[in-house]
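Summary of structural features
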Amino acid sequence: MSETKNDTPRDTLLQVRDLKMHFPIKEAAGLGRTKKVVQAVDGVSFELKAGASLGLVGESGCGKSTTGRMITRLLTPTSGEIVFKGTDIAQLKERELRPFRRQLQIVFQDPYSSLNPRQTVSNIISTPLRVHNLVKKGQELARVQELLERVGLNPEHHNRYPNEFSGGQRQRIGIARALAVEPEVIIADEPVSALDVSIQAQVMNLLEDLRKDLGIAFVFIAHDLGVVRHFCDEVAVMYLGKIVEQGSRDQIYNAPQHPYTQALLSAAPDLGTIRGVPPKERIRLVGDVPSPIDPPSGCRFRTRCWKAEDICATQEPLLEIKPQSTPGHTAACHFAEPKVDLIAETA
Amino acid sequence: MSTPAPEDKKDAPVDAKRGPSVATRERRQGSINPSGETPYLVVEDLAVKFPTADGLVSAVNGLSYSVPLGRTLAIVGESGSGKSVSSMAVMGLHDRKRTRITGSIRLGGDELVGLSENDLMKIRGDAMSMVFQDPQSSLHPLYTIGNQLVEAYRVHHKVSKDVAKKRALEMLDLVGIPNPPRRFSQYPHEFSGGMRQRAMIAMSLINDPKLVIADEPTTALDVTVQAQILDLLNNLQKEFGSAIVLITHDLGVVAEMADDVLVMYAGRCVEYGTAEDVLANPRMPYTWGLLESIPTVSAANERLRPIKGLPPSLLNLPEGCSFAARCPYVDRVKGELCTTQLPDLLPVDGAGAHTSRCHLHDKASIYETEIAPRLG
């Protein structure tokens, strides 16, 4: 467990390097068929430390879910490395992957389609236990009930079917299934966005408890900036398959440098406005996200950016630490500059 | 399905000008608009019930509100609270055979409850219109955007296709769709999500309606596009002066858009007032719970305080306050009032237009001393 290689710092659990996912599509053009690719994820790199939580934020189509699916190897990346505790799992075969599957679990967004409606809760949760030979015969039920209790469900309900539970309870079942194999990393792909606010808060608190009590590291994928701010210590903002800005929670929320991050924060409707603390400046983007089939040259955000100049079309900005940045804060923009007062600060 | 019940219209007066024959204190409270202006839409004691094989589902109960021209009312609530069902009742979109609607809905003084389908057709899309949540499924995939706009206009105006087309192009331009002549002949699938919602808004405004009901208009959209659409709705309201009923679950959207706010829980209005009253000085434990459960972009990293438990089944609403089972303040009310008697919707300060449905006596001091400090 504690064996690490020299090139990975001691407490780094997961390292993603230049990860790419290109989906081929066929399109009829003229007489023949041309092959095009959707560049869903195009060169993403980040690190996850043990027990930490990294938030991946962005709008639909930015590649955040695809990234999560590659890390759990539900998708095989086109290229790039996923180094988990010193082993690159990016191109491993199914058989070799199995021990890693136990370590890397995923919780899905939709609690309705991610549970088999014809299996009892007990069956759903104990399948991973059996697959990985984690419990002795006869002790499965005890373990299932323990897990149900851990996620705040009544252990007596192990014989019920998913349709007998509400959305929030189903999401708890999905979490219990992920917990069953005692993973070190959980990829939570929009785990609360299908839930009502009051239920959402219950599930958020549960995830936070798991993180604190069991020391599980999280990659938290979400579009809701409020939820991410609440849960993550580290945030990466994605746009059209690339990370455009990355840093600690405070760096991203209090002094965002990339124009896209600034626009995103400024667009989030906030309750602060009604309490008499409106944000000082409002940024409104025009237009929509371009197609990932044929992304803009240079900086991918330039078509919607108010700072764009000629250099943005010809030279792709690198994700790097800017001279004015605080340590660990990177941004991919030729004209990055921190902006404060984008969100209404409550006293 | 059980046999369709005949609509019970006994207490729904057909003569709209006279108003309801039985006007209780509570009903009158609801019809007073928080702004004090003359309302355009008045909903009084609306109840929507669906008979099902399992029993009668009370989706909306005793709902009263009003919206003047040029003002936006946000109806907030979680899924199943009755916010969409009540608005569909206003638009007359429920299946008559499967729905029992009682109470009164008056649009500019004319009673809508009990109108024939033919009469409703004349009003729907003309004096009132609706913007739906999902523009993908609410636009017809086989007709061009232009065709659908032209049809919407010609249903209510006896004009030639060319005149209608001119109007449609105008509307596309107005909602910020670039290159209207090209977009006019495109199909919905050629539009992005945000553009589709713009087209949807163009269609709902083409007949210059006085009332627009927007049911979660931005829930399916990304946050930067959501901001564009909310700005658009705000600007169009300034231009057209229409009354807007905005249905949403997102309190952030409410804060940016609403003049008045109505909070629904289990089919009932539990708090109603101006946006400032309800969001900055809420007087109902459910509203407190909602405000405390949202992680906001501006909030510090404190533990969220969720509302425990689940909403009650609409098949079998509890006696007393529907929120009692989840309410942390039940033990501060004397006796078993909360679980035995439904609280009335009463003014929070003895008079005025800010009302809430709660037995608690010292709501103001509880909010000031316990809730407000936690909200920051």
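Everything numeric in this text was worked out from a predicted model, so none of it was measured.

Considering the overall build of chain A
- Within chain A, the secondary structure is distributed over 10 helices and 12 strands.
- Relative to its length of 347 residues, chain A is compact, with a C-alpha radius of gyration of 21 Å against a globular reference of 20 Å.
- Along the three orthogonal principal directions, the C-alpha set of chain A runs to about 70 × 60 × 50 Å.
- Of all 347 residues assigned to chain A, the portion counted as buried reaches 47%.

Structural notes on the overall build of chain B
- Within chain B, the secondary structure is distributed over 14 helices and 12 strands.
- A compact globule built from 376 residues should have a C-alpha radius of gyration of about 21 Å, and chain B, at 21 Å, falls within 12% of that.
- The principal-axis extent of the C-alpha atoms belonging to chain B is close to 70 × 55 × 40 Å.
- Split into buried and exposed, the 376 residues of chain B put 50% on the buried side.
- Summarising the internal contacts of chain B: among those between residues at least 6 apart in sequence, 66% fall at separations of at least 24.

Let's talk about the sheet that holds strand E1 (residues 39-52) of chain B
Residue and element names in this part refer to chain B.
- Within the open sheet, the 4 strands sit side by side as E2-E1-E4-E5. Their pairing is antiparallel. Two strands lie at the open edges of the sheet, namely strand E2 (55-68) and strand E5 (110-111), each paired on one side alone.
- Bridge count between E1 and strand E4 (residues 100-107): 7 bridges; the pairing is antiparallel. Bridge pairing in E4 places Glu44 opposite Ser104.
- Here helix H2 (residues 83-91) sits on the sheet and contacts E1, E2 and E4; the angle it forms with E1, its principal contact strand, is near 110 degrees.

Brief notes about unusual backbone geometry
Residue and element names in this part refer to chain A.
- Of note, Glu182 is a non-glycine position whose phi angle comes to about 50 degrees, a positive value.
- Along the polypeptide, Glu182 turns up in the loop between helix H5 (167-179) and strand E7 (185-189).
- Backbone geometry places Leu240, a non-glycine residue, at a positive phi of 50 degrees.
- Tracing the backbone through its elements, the reader meets Leu240 in the loop between strand E9 (234-239) and strand E10 (242-248).
- Judged by the 25 C-beta atoms lying within 10 Å of it, Leu240 is buried.

Quick notes on the confidence of the model for chain B
- Here chain B averages 87 in pLDDT, while 90% of its residues score no lower than 70.
- In the model, residues 1-30 of chain B has pLDDT below 50 throughout and makes 48 contacts with residues more than four positions away in sequence or in other chains.

Examining the interface of chain B and chain A
- If you look at the interface, chain B gives 40 residues, while chain A gives 38 residues.
- The dominant element in the side of chain B that touches chain A, judged by the number of residues it contributes, is helix H9 (residues 223-240) of chain B, at 7 residues.
- The residue inventory of the side of chain B that touches chain A, partitioned by class, reads 18 nonpolar, 14 polar and 8 charged.

Considerations on the pairing of strand E6 (residues 104-107) of chain A
Residue and element names in this part refer to chain A.
- Alternating residues of E6 divide into Leu104 and Ile106 and Gln105 and Val107, and every residue in both groups is buried.
- When E6 meets E7, the two strands line up parallel, connected through 4 bridges. Pairing of Leu104 across the sheet is with Val185, part of E7.

Describing the environment of Ile247(B)
All names here are of chain B.
- If you trace the backbone, Ile247 turns up in strand E8 (residues 243-248).
- Look at Ile247 and you get buried, because 25 C-beta atoms sit within 10 Å.
- Along the chain, Ile247 and Thr144 lie 103 residues apart, while their C-alpha atoms are 28 Å from each other.
- In this structure, Ile247 is in contact with Ile75, Lys83, Ser84, Ser87, Ala214, Asp215 and Glu216, ignoring residues within four places of it in sequence.

Observations concerning the packing of helix H6 (residues 197-214) of chain A against helix H12 (residues 285-293) of chain B
- Packing of H6(A) against H12(B) brings their axes to within 8 Å, and their N-to-C directions diverge by 45 degrees. If you check the angle between H6(A) and H12(B), you find them oblique. For the element pair H6(A) and H12(B), the recorded crossing hand is left-handed. Listed contacts from H12(B) to Val197(A), Ser198(A), Gln200(A) and Ala201(A) of H6(A) are Gly289(B), Leu290(B) and Ser293(B).

Describing the sheet that holds E10(A)
Residues and elements named next belong to chain A.
- The 8 strands lie next to each other as E6-E7-E8-E3-E9-E10-E12-E11, forming an open sheet whose pairing is mixed. Pairing within the sheet leaves two strands with one partner each, and these edge strands are E6 and strand E11 (320-321).
- Pairing of E7 with strand E8 (residues 217-222), which is carried by 5 bridges, proceeds in the parallel orientation. If you follow Val185 over to E8, its bridge partner there is Ala217.
- Where helix H1 (residues 64-71) meets the sheet, its contacts fall on strand E3 (53-57), E6, E7, E8 and E9, and the angle it forms with E8 comes to roughly 150 degrees.

Points about the pairing of E1(B)
Residue and element names in this part refer to chain B.
- Taking burial as the measure, the 14 residues of E1 include 12 buried ones, the bulk of the element.
- Bridge count for E1 against E2 is 10 bridges, and the pairing is antiparallel. Each bridged residue has a counterpart across the sheet, and for Leu46 the counterpart in E2 is Leu63.

Concerning H5(A)
Residues and elements named next belong to chain A.
- The terminal C-alpha atoms of H5 lie 18 Å apart, and with 13 residues this matches the ideal 18 Å at 1.5 Å per residue to within 8%.
- Taking burial as the measure, the 13 residues of H5 include 12 buried ones, the bulk of the element.
- Within the sequence span of H5, burial applies to Gly168, Gln169, Arg170, Gln171, Arg172, Ile173, Gly174, Ile175, Ala176, Arg177, Ala178 and Leu179.

Comments concerning H1(A)
- The element H1(A) is largely enclosed, with a buried count of 8 among its 8 residues.
- Following H1(A) by one or two positions, Arg73(A) adopts a phi angle in the positive range, close to 60 degrees.

Description of the environment of Arg211(A)
Residues and elements named next belong to chain A.
- Looking at the element boundaries, Arg211 is found in helix H6.
- Separated by 38 residues in the primary sequence, Arg211 and Ile173 place their C-alpha atoms 17 Å from one another.
- Residues within four places of Arg211 in sequence aside, it is in contact with Ser53, Ile216 and Phe218.

Analysis parameters
- Within each chain, residues carry numbers counting from 1 in the order of the written sequence.
- All chains are assigned letters beginning with A, and all ligands numbers beginning with 1, in the order in which they are written.
- In keeping with the model being predicted, local features are shown solely for residues with a pLDDT of at least 70 and side-chain atom pairs are shown and tallied solely at 80 or more, while totals for entire chains, interfaces and linings include all residues.
- Where helices and strands are cited, they refer to DSSP runs of H or I of at least four residues and of E of at least two residues respectively, numbered from the N terminus.
- In this setup the radius of gyration rests on C-alpha atoms only. A globule is expected at 2.2 Å times the number of residues raised to 0.38.
- Here exposure depends only on C-beta density: within 10 Å of a residue's C-beta, 20 or more other C-beta atoms make it buried, 12 or fewer make it exposed, and intermediate numbers make it partly exposed, the C-beta atoms being placed from the backbone.
- Contacts here follow a simple rule: the backbone-placed C-beta atoms of the two residues must lie within 7 Å.
- DSSP-based pairing: two strands are paired if at least 2 bridges between them are found.
- Note on method: axes are straight lines fitted to C-alpha atoms, helices fitted across the in-contact stretch only, with angles between N-to-C directions ranging 0 to 180 degrees.
- In predicted models, pLDDT denotes the confidence assigned by the predictor to each residue on a 0 to 100 scale.
- Note on residue classes: Ala, Val, Leu, Ile, Met, Phe, Trp, Tyr, Cys and Pro are nonpolar, Asp, Glu, Lys and Arg are charged, and everything else, Gly too, is polar.
- Relative orientations are named as follows: roughly parallel for angles under 35 degrees, roughly antiparallel for angles over 145 degrees, roughly perpendicular for angles from 65 to 115 degrees, and oblique for any other angle.
- For any helix crossing, the convention is left-handed if the near helix is rotated counterclockwise from the far helix by under a right angle, and right-handed if that rotation is clockwise.
- Helix span is expected to be 1.5 Å times the residue number reduced by one.

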